[in-house]
Every structure is written in structure tokens, then in C-alpha cells.
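# Fold and contact review
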Amino acid sequence: MAKVKLPSLQNWDEVDDCLREICEVGIAISTITADMNIAINDAKEVAKGLSDPLEKRKEQLAATVKSFVEAERANMEGKTKTLNFGKVGFRQSSSVSVPTSKLNSILKNLRDFGMVDCIAVKETVNKEVLEKYTDDEIASVGATRKVEDKYFMEIDVTKIK
């Protein structure tokens, strides 16, 4: 990407003019974005109105097919029936239920039975708490504190006419 040479400012009035222009450009961008979002929301509503009846019909057809296949399960050869426009059938599925009311008990039992590979543990450094320590304490654990002045800019939109 080519470097763009920025104009240099000569005094604080020129800086203030730049802040005014940044604010005006920001307002223009916000207006464009708001208009775009209105157009997008309108298009979504039109699409929803057109697709809702189709979604309902699709769900009805799927439920009808499911009902028929479940009723004919005993007459199927194998678990899958291949037709011209797709396949229907049954797949074996399993899941494990872990009731939250018994979570502590289950975790204890997993440890007791040596099934610690079933316990997910995520450790991370809490930087907000670590920042409360002294520089020496932070350094003693191998971390460092970085202090710097960071540039900021606040635009006063209320002063734009």
C-alpha cells in the first residue's frame, strides 16, 4: 500500500478545524449507515413475508414424510431408503446427560474413579487482578507492566451546527 503524506498542521486553530471536519464526516457516515440499516431492515421484512409461508409448507412436508417413514420403519430393508430426490432413514445417536443439580457430585465421582480426562479445566491469567500487584511482584512471576501515554481524541458533536 502506498504511503499517503498527511498535511502538517501549523497551529491549534488548524487542529480544531480538523476536529470539526472529523465530526462532520462522522455525522455523514452515521447518516449513511442509518439509511443503509433501514433499507436492510425493509428488505428483511419483505423477504420474511415471502419466505414464511414457504418455511411453514416445508415444515409440514417434512413432518408428513417423517410420520410416514416412522410408520413404515418395520418394512424398510436396512436403516436407509434411497429415493429419487433424497434419502430417509434412521441413524443411531447417543448423548450423555449431566444434570446441573448433580454437577458437583458427578465431578467428585469422576475424580474418585480416575476419569479426570472427562473434566474440562481452563486456566488463564487474570490480568486485571495481576495489575493490582507491585512491579516487583509482577516481575517475580515472569510478567511485566507496560506504562505508556496513549493518544486520544474526543469530538464534541454538540458544537456542530
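Residues numbered from 1 in each chain as written. Predicted model: local features only at pLDDT ≥ 70, side-chain atom pairs only at ≥ 80, totals over all residues. Heavy atoms only, no water.

The secondary structure content of the chain amounts to four helices and two strands. Order of helices (α) and strands (β) in the chain, N terminus to C terminus: α-β-β-α-α-α. Relative to the compact-globule value of 15 Å for 161 residues, the chain shows a C-alpha radius of gyration of 32 Å, a clear excess of over 25%. With respect to the three principal axes, the spread of C-alpha positions in the chain is 90 × 55 × 40 Å. Of all 161 residues assigned to the chain, the portion counted as buried reaches 4%. (Helix = DSSP H or I, 4+ residues; strand = E, 2+ residues; numbered from the N terminus. Rg over C-alpha atoms; globule rule 2.2 N^0.38 Å. Buried < 20%, exposed > 50% of the residue type's maximum accessible area, 1.4 Å probe, protein only.)

All right, on to the packing of aromatic side chains then. One pass over the full model with this rule turns up zero aromatic pairs. Taking the ring centre of F90 as reference, the NZ or CZ of R73 above it sits at 4.0 Å. (Phe/Tyr/Trp six-rings, centres within 6.5 Å; stacked < 30°, edge-to-face > 60°. Lys NZ or Arg CZ within 6 Å of the ring centre and 35° of its normal.)

So, about a negative patch on the surface. Taken together, the side chains of D13, D16, D17 and E21 define an acidic patch exposed on the protein surface. Summarising the element assignment, D16 is placed in helix α1 (residues 12–71). (Patch = residues over 30% accessible without salt bridge, like charges linked within 9 Å, V, L, I, M, F, W, Y side chains within 5 Å. Areas by Shrake-Rupley, 256 points an atom, 1.4 Å probe, with all protein chains shown as cover. Salt bridge = Lys/Arg side-chain N within 4 Å of Asp/Glu carboxyl O. Lys, Arg positive; Asp, Glu negative; His and termini not counted. Charge placed at Lys NZ, Arg CZ, Asp CG, Glu CD.)

Another aspect to go through is a nonpolar patch on the surface. On the surface, a nonpolar cluster with roughly 560 Å² of combined accessible area is contributed by I22, I27, Y151, M153, I155 and V157. When you line up the elements, I27 lands in helix α1.

A few words now on the environment of V141. Looking at the element boundaries, V141 is found in the segment after α4 (135–140). The spacing of V141 and L6 is 135 residues in sequence and 44 Å in space, taken between C-alpha atoms.

Before going further, it helps to spend a moment on the pairing of strand β2 (residues 86–89). Sheet analysis places strand β1 (residues 80–83) next to β2, joined by four bridges and oriented antiparallel. Its bridge partner lying in β2, T82 is registered against K87. Hairpin remark: β1 followed by β2, antiparallel, with two residues in the connecting loop. (Pairing = 2+ DSSP bridges.)

What follows concerns α1. Spanning 60 residues, α1 covers 82 Å between terminal C-alpha atoms, matching the ideal 88 Å at 1.5 Å per step. S51 marks where α1 bends most, by close to 35°; the proline P53 follows one to four residues later. The opening residue of α1 is N11, an N-cap whose side-chain oxygen sits 3.0 Å from the backbone nitrogen of D13. (Expected span 1.5 Å × (residues − 1). Bend = angle between axes of the 7 residues up to and from the residue. Polar contact = N/O pair within 3.5 Å; in protein donor to acceptor, adjacent residues only side chain to side chain.)

This next bit is on the pattern of salt bridges. One pass over the structure, following the stated rule, counts seven salt bridges. We note a salt bridge from E70 to K66, for which the minimum N-O separation is 4.0 Å. Taken together, the residues span about one helical turn, with E70 and K66 both in helix α1 at a distance of four residues. Under the relative-accessibility criterion, E70 is labelled partly exposed at 43%. Exposure remark for K66: the relative accessible area of 52% places this residue in the exposed category. The salt bridge involving D112 is made with K108; its shortest N-O contact spans 2.6 Å. With D112 and K108 both in helix α2 (residues 103–112), this residue pair falls four residues apart, about one helical turn. A relative accessible area of 48% means that K108 is categorised as partly exposed.

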